[in-house]
Amino acid sequence: MNKLNITYNKKDFQSATSLKWCPGCGDYSIYNAVINAFTKLNIARENFLIVSGIGCSSRFPYYCETYGFHTIHGRAPTIAMGAKLTNPDLSIWIVTGDGDSLSIGGNHFIHILRKNPDIKILLFNNEIYGLTKGQFSPTSQKGLKTKTSPLGSIEKPLNIWALAVAINATFIARAVATDTKHMQKIIIDAGNHVGICVIEILTNCIIFNDDAFYPFESKSIRNDNIIFLMDGEPLIYGKNNNKGLVLKDMNLAVIDIKDENKKDVLRHSTNATAHTLHFLLANLVYPAFPLPVGILKKINVRTFEQIVMDQEKYQEEHAKIKNIHDLITSGDTWEVK
Amino acid sequence: MIKKLGLKNIVIRFAGDSGDGMQLTGERLAKLSAIMGNDVLTLADFPAEIRAPAGSLGGVSGYQLSISATQIYTTGDEVDILVAMNPAALKTNIKLVKKSGVVIVNSAAFVKKNYIKAGYKENPLNNKYLASYRTMSIDISKLVREALKKLPLSTKEKERCKNFFSLGIVCWLLNRNINTTVEWIQKKFFKKKLIAEANHTALHAGIKYCEANELFNTSFSIKEINKTTVLKGLYSYINGNTATAWGLICAAQKAQRRLFLGSYPITPATNILQELALYKNLKVIAYQAEDEIAGIGTSLGASFAGALAATSTSGPGIALKSEFINLAVMTELPLVIIDVQRGGPSTGLPTKTEQSDLLQVLWGRNGESPIVVIAAKTPSDCFYCAYEAARIACKYMTPVVLLTDGYLANGSESWRIPDIDNLLPMEINNVVKGDDNFQPYKRFSQTLSRPWIVPGIKHMEHRIGGLEKNENGDVSSNGENHHQMCYLRLQKIKNVAQEIPFPDFYGKEKGDLLLISWGSSFGSVRQATSNLIKIGVSVSHCHITYINPFFAGLNDLFSGFKTLLIVENNLGQLVVKIRAEFSVHTVSLCEVRGRPIIVDKIMQKAKNILNTTYKGK
């Protein structure tokens, strides 16, 4: 990509519309991380397109001085796909929530991951329906008491990472909204990846599901509850980096690291071709295990729109019908004189 | 000595199992007749099953065509010649044949197992069942095997050629020139020389069999149409779905935009998606989406990004797309929505035609959602209507629904290939240069349309969405503003009336009875009107292509008549809109029998109205 001869600062990406999330909402820090990341991507501002569905997170496009499309509930991936195929030069970002993309938009979410267009999905997961004022969502924890589950939710939450690994999405990551620095780095990495990106961002809904992610946000305890995945680095965590993940009986297990077992600790690889360990990592359940954050997977394959353009080029060289005149005279024709 | 009888018009119907190749046979006869200079209309009648059990009633596939020496508008009320390849085909089609019509059957298929399966207690060839028809019972299977005995093909492969043998019989009977079909066989089976030879041999064998055996004491000829009534030019034979696809490609090429079709397979609209998938090099993206909603969603995204965008579906798909149609209404983006109507409600009759989605596309959405609706009247008219839908969508920045139906989609007719340069220009509200003071919803005064600003243009970054906005494009939930915006969007659609030409009108401008049609009911109504006028009954016919908005002068036109007879393939839908907008006396003729209403019924209805209402005149 050519170097832009323009440098942006954060203000260039702020629209005139004032932000209207609840005071204390995690979405504010995501907003800051995203527009900061945008200034660092070497992409002209007019080539950004943010597409959203419906929900608190989906108000996002209005706050950014880019092209934006606030669409309908669950359908942002379809709009994004159509725009990408029409103009592959656009940098397209979908901003969506857990209800928007995993409940009403579940079908589109699966298929956009499968088809692998160069589109980035920022999935704001607060494990609750916020804009409709507090009902359980597909990622709500079992037992969560909400207005529609007064005795506790009886549903098993959907695991975004496990789903994305199963579909073989090409870039899978997770960030916690309170850790702005880490989140911003992940967003920049996604911006530089060519292919579908899913970033699950855990964001606190202060009104309807407060402290849902407290163990991963609180500075005093989070290092014991989170494992940062880094490509090529060992899977270790803990305040003093004293715990590690190893394979034991076809499962992952936590060990206290000592000299004699240090060599058993697994080393993370984002581009492993076998799904197995990615899948095990995706399925770690807190509190028995730490919550993995960072980039789980990052592989390069040709994107959907690249293949579409390949076929178009092939046809340009091989098709017998070259123009509109060829087309409309291509049947069995006869002349009336 | 065989008599040769000249006819003005003849109706032939081929019927057999889904796999018998009846569609292909009918299509060949239609094309070669069109090339011979006749007017030809066709009606394909598919079963819902791809290959229902052999010989079952549900698996019968039919293809009807009307060949004429004068201009015709329908495939005919009654059949003159039926070719039935098995008892089930006979059973389901015999009621369409006129008394003393010709019935040609493949006697080899009339074994006990088959006629029992078709619901006959005894062999219908051996009793008086077919006494009132001129029946030709021919062992086509055996004759084909004999004709092809020298070719190294399996018995099954040889049997498959029996459709060409039956085509040979009909070609002899109608004195058809088969040269163009022979050429077509060579081209079609270019890579399978043996199959080409077999089909060619079978076709000739059918003709020779008729010559040698003097089966028929009469053969027929249909004169070519009077050339002075036919425009000079290059002609092709086209079906409705292909015409729709080509119309869209033409519009995109003239607009110098990429064409994007987001669609999900659904009968009877799928062929539009399949046709467009062939022309990637003409800057066409035919995107097969994961569902109906994604079909229109990708199209709307493509439209925002600057493509000429369309989505194709049938009634059940429109129901799923409704929310997205409204997003297109709200964001004021151009979008062509093609509804190839079929029998409903629900899954209904997927392979049969109907015109029952009109009220759905007009009013089946939440909120005040004005939209342009136009309907094609014949297979080739689908070309012009698809082009027109795209033209209006771009000029007025609005979704436009194009209604066609199963009859038009699968029906074919000859089409004079137009000069693309003569089509109305595509007017695009292009904005290509940045301007910091621009407003995305600033309207042009003549149309009330907004500019089409495509992502990628510097200093034009803006946001659109489904929330109500004010004229600056900012989100607003102010009631007063919403009231005004609803009226603005309505007025924009009403302004489309300035585009609408005088309707296709036939007959005197004043009188007692005006027949009204829309969509594919055009053919039957025009034929009925023409027939009535010929026998001295004074009626007129107005065909309506633009359903929303209506042609501005429609009220004046209607006021010249005492009664309007509205003919539609539903239980009365256009009549609802006409009565809502005009103070007129209407009578409806409605049917949902899976095929266009027959001409005779329309004539009877018109006569009844005139006799009972205007007695003594």
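Residues numbered from 1 in each chain as written. Chains lettered and ligands numbered in written order. Predicted model: local features only at pLDDT ≥ 70, side-chain atom pairs only at ≥ 80, totals over all residues.

J.: Help me understand the overall build of chain A in this model?
T.: The helix and strand tally for chain A stands at 11 helices and 12 strands. Projected onto the principal axes, the alpha-carbon positions of chain A cover approximately 90 × 50 × 50 Å. Taken over 337 residues, chain A has a buried fraction of 44%. Taking the contacts inside chain A whose residues are at least 6 apart along the sequence as the reference set, 66% of them involve residues at least 24 apart. (Helix = DSSP H or I, 4+ residues; strand = E, 2+ residues; numbered from the N terminus. Buried ≥ 20, exposed ≤ 12 C-beta atoms within 10 Å, placed from the backbone. Contact = placed C-beta atoms within 7 Å.)

J.: Which parts of the structure should I look at to understand the overall build of chain B?
T.: Counting its regular elements, chain B contains 20 helices and 25 strands. Along the longest, intermediate and shortest principal axes, the C-alpha atoms of chain B span 85 × 70 × 50 Å. At a minimum sequence separation of 6, the contacts of chain B that also span at least 24 residues come to 76%.

J.: How should the interface of chain B and chain A be read in this particular structure?
T.: Counting residues at the interface gives 57 residues for chain B and 47 residues for chain A. With 9 residues, the single largest contributor to the side of chain B that touches chain A is helix H11 (residues 292-304) of chain B. As paired elements, strand S12 (residues 334-336) of chain A and strand S9 (residues 233-239) of chain B share 3 bridges and run antiparallel to each other. Counterpart to Glu335 of chain A in the pairing with S9 of chain B is Leu234 of chain B. (Pairing = 2+ DSSP bridges.)

J.: Looking at this model, I keep getting lost on the packing of helix H4 (residues 140-147) of chain B against helix H6 (residues 162-173) of chain B. Mind explaining?
T.: What describes two packed helices is the angle between their axes and the distance between those same axes. All names here are of chain B. Here H4 crosses H6 at 100°, and the two axes come no closer than 9 Å. The angle between the axes of H4 and H6 places the two elements in the roughly perpendicular class. Listed contacts from H6 to Ile140, Ser141, Leu143 and Val144 of H4 are Lys162, Phe165 and Ser166. Its residues placed into classes, the contact of H4 with H6 shows 4 nonpolar, 2 polar and 1 charged. (Axes fitted to C-alpha atoms, helices over the stretch in contact; angles between N-to-C directions. Parallel < 35°, antiparallel > 145°, perpendicular 65-115°, else oblique. Nonpolar A, V, L, I, M, F, W, Y, C, P; charged D, E, K, R; others polar.)

J.: Would you mind showing me how to read the sheet that holds strand S8 (residues 236-237) of chain A here?
T.: The strands making up a sheet associate through hydrogen bonds between their backbones, and the pairing can be parallel or antiparallel. If you walk across this open sheet you meet the 3 strands as S8-S9-S10 (chain A), and the pairing is antiparallel. Two strands bound the open sheet, and with one partner strand each, they are S8 and strand S10 (251-256) of chain A.

J.: Explanation requested: the domain arrangement of chain B in the structure shown.
T.: All names here are of chain B. Structurally, chain B comprises domain 1 (3-225), domain 2 (237-422) and domain 3 (504-613). Contacts between the two partners involve 11 residues from domain 1, matched on the other side by 9 residues from domain 2. Put simply, the parts of the chain that give the side of domain 1 that touches domain 2 at least two residues each are helix H1 (22-35) and strand S3 (39-45). The leading source of residues in the side of domain 1 that touches domain 2 is S3, at 5 residues. Broken down by class, the residue content of the side of domain 1 that touches domain 2 amounts to 9 nonpolar, 1 polar and 1 charged. (Domains from an automatic or database assignment.)

J.: Help me understand the nonpolar core in this model?
T.: Looking at soluble globular proteins, one finds that nonpolar side chains tend to be buried together. Ranked by size, the top nonpolar core spans 259 residues in total, and within it Val198 and Ile199 of chain A together with Val336 and Leu402 of chain B carry the most contacts. Setting aside chain neighbours within four positions, we find Val198 of chain A in contact with Leu113, Ile121, Leu123, Ala164, Ala169, Phe171 and Ile172 of chain A. (Core = buried A, V, L, I, M, F, W, Y, C linked by C-beta atoms within 7 Å.)

J.: Can you walk me through the pairing of strand S5 (residues 171-176) of chain A in this structure?
T.: Residues and elements named next belong to chain A. With respect to burial, S5 is a largely interior element, 6 of its 6 residues being buried. Covered by surrounding structure in S5 are Phe171, Ala173 and Ala175 together with Ile172, Arg174 and Val176, the residues of both alternating faces. Pairing of S5 with strand S6 (residues 197-202) involves 6 bridges; the strand directions are parallel. If you follow Val176 over to S6, its bridge partner there is Leu202. Traced from S5 through helix H6 (residues 180-192) to S6, the parallel crossover comes out right-handed. Pairing geometry for S5 and strand S11 (residues 291-298), over 4 bridges, is antiparallel. (Right-handed = clockwise from strand over helix to strand, strands pointing away.)

J.: Help me understand the environment of Leu203 of chain B in this model?
T.: With respect to the helices and strands, the residue Leu203 of chain B is situated in helix H8 (residues 193-213). Excluding residues within four positions of it along the chain, Leu203 of chain B makes contact with Phe164, Leu167, Gly168, Ile178 and Thr181 of chain B.

J.: Got a minute to help me understand the environment of Leu296 of chain A in this structure?
T.: All names here are of chain A. You can see Leu296 is positioned in strand S11. Along the chain, Leu296 and Ser18 lie 278 residues apart, while their C-alpha atoms are 35 Å from each other. Excluding residues within four positions of it along the chain, Leu296 makes contact with Trp161, Ile172, Ala173, Leu229, Thr270, His278, Leu281 and Ala282.

J.: Would you mind showing me how to read the packing of H1 of chain B against H6 of chain B here?
T.: Residues and elements named next belong to chain B. As a packed pair, H1 and H6 sit with axes 10 Å apart at the nearest point and diverge in direction by 30°. The two elements H1 and H6 meet at a crossing, and its hand is right-handed. The residues of H6 that touch H1, namely those facing Met22, Leu24, Thr25, Arg28 and Leu29, are Asn163, Ser166, Leu167 and Val170. Its residues assigned to classes, the contact of H1 with H6 comprises 5 nonpolar, 3 polar and 1 charged. (Left-handed = near helix turned anticlockwise from the far one by under 90°.)

J.: Teacher, can you tell me more about helix H2 (residues 76-86) of chain A here?
T.: An α-helix turns once every 3.6 residues. As a result, residues three or four positions apart point the same way. Burial of H2 of chain A is extensive: 11 of the 11 residues sit out of reach of the surface. Residues Ala76, Pro77, Thr78, Ile79, Ala80, Met81, Gly82, Ala83, Lys84, Leu85 and Thr86 of chain A constitute the buried set of H2 of chain A.

J.: What is the right way to read the sheet that holds S6 of chain A from this model?
T.: Spatially, S7(A)-S11(A)-S5(A)-S6(A)-S4(A)-S3(A)-S1(A)-S2(A)-S19(B) is the arrangement adopted by the 9 strands of the open sheet, whose pairing is mixed. Looking along the sheet, the strands with just one partner apiece sit at the ends: strand S7 (226-229) of chain A together with strand S19 (463-465) of chain B. This sheet shows a mean twist of 20° between the axes of neighbouring strands, independent of strand direction. Pairing geometry for strand S4 (residues 119-125) of chain A and S6 of chain A, over 6 bridges, is parallel. The partner of Asn125 of chain A across the bridge, within S6 of chain A, is Leu202 of chain A.

J.: Where do I start with the confidence of the model for chain B in this structure?
T.: For residues with low pLDDT, the predicted coordinates do not support detailed interpretation. Here chain B shows a mean pLDDT of 94. Residues at 70 or above account for 99%. Interface confidence for the predicted complex, expressed as ipTM, amounts to 0.97; the pTM equals 0.94. (pLDDT = per-residue confidence, 0-100.)

J.: How should I be thinking about unusual backbone geometry in this particular structure?
T.: Where the residue is not glycine, phi is negative for most of them; where a peptide bond is considered, it is trans in most cases. The linkage connecting Tyr286 of chain A with the following residue, Pro287 of chain A, adopts the cis geometry, with an omega of 10°. Along the chain, the position of Pro287 of chain A falls in the loop between helix H9 (276-282) and S11. Going from Thr267 of chain B to Pro268 of chain B, the amide bond is cis rather than trans, its omega being 0°. In this structure, Pro268 of chain B sits in the loop between strand S10 (259-263) and helix H10 (270-276). At Glu127 of chain A, a residue that is not glycine, the phi angle is positive and equals roughly 55°. For Glu127 of chain A, a count of 25 C-beta atoms within 10 Å translates into the label buried. For Ser346 of chain B, which is not glycine, the phi dihedral falls at a positive 55°. Structurally, Ser346 of chain B is set in the loop between strand S13 (335-341) and helix H13 (358-363).

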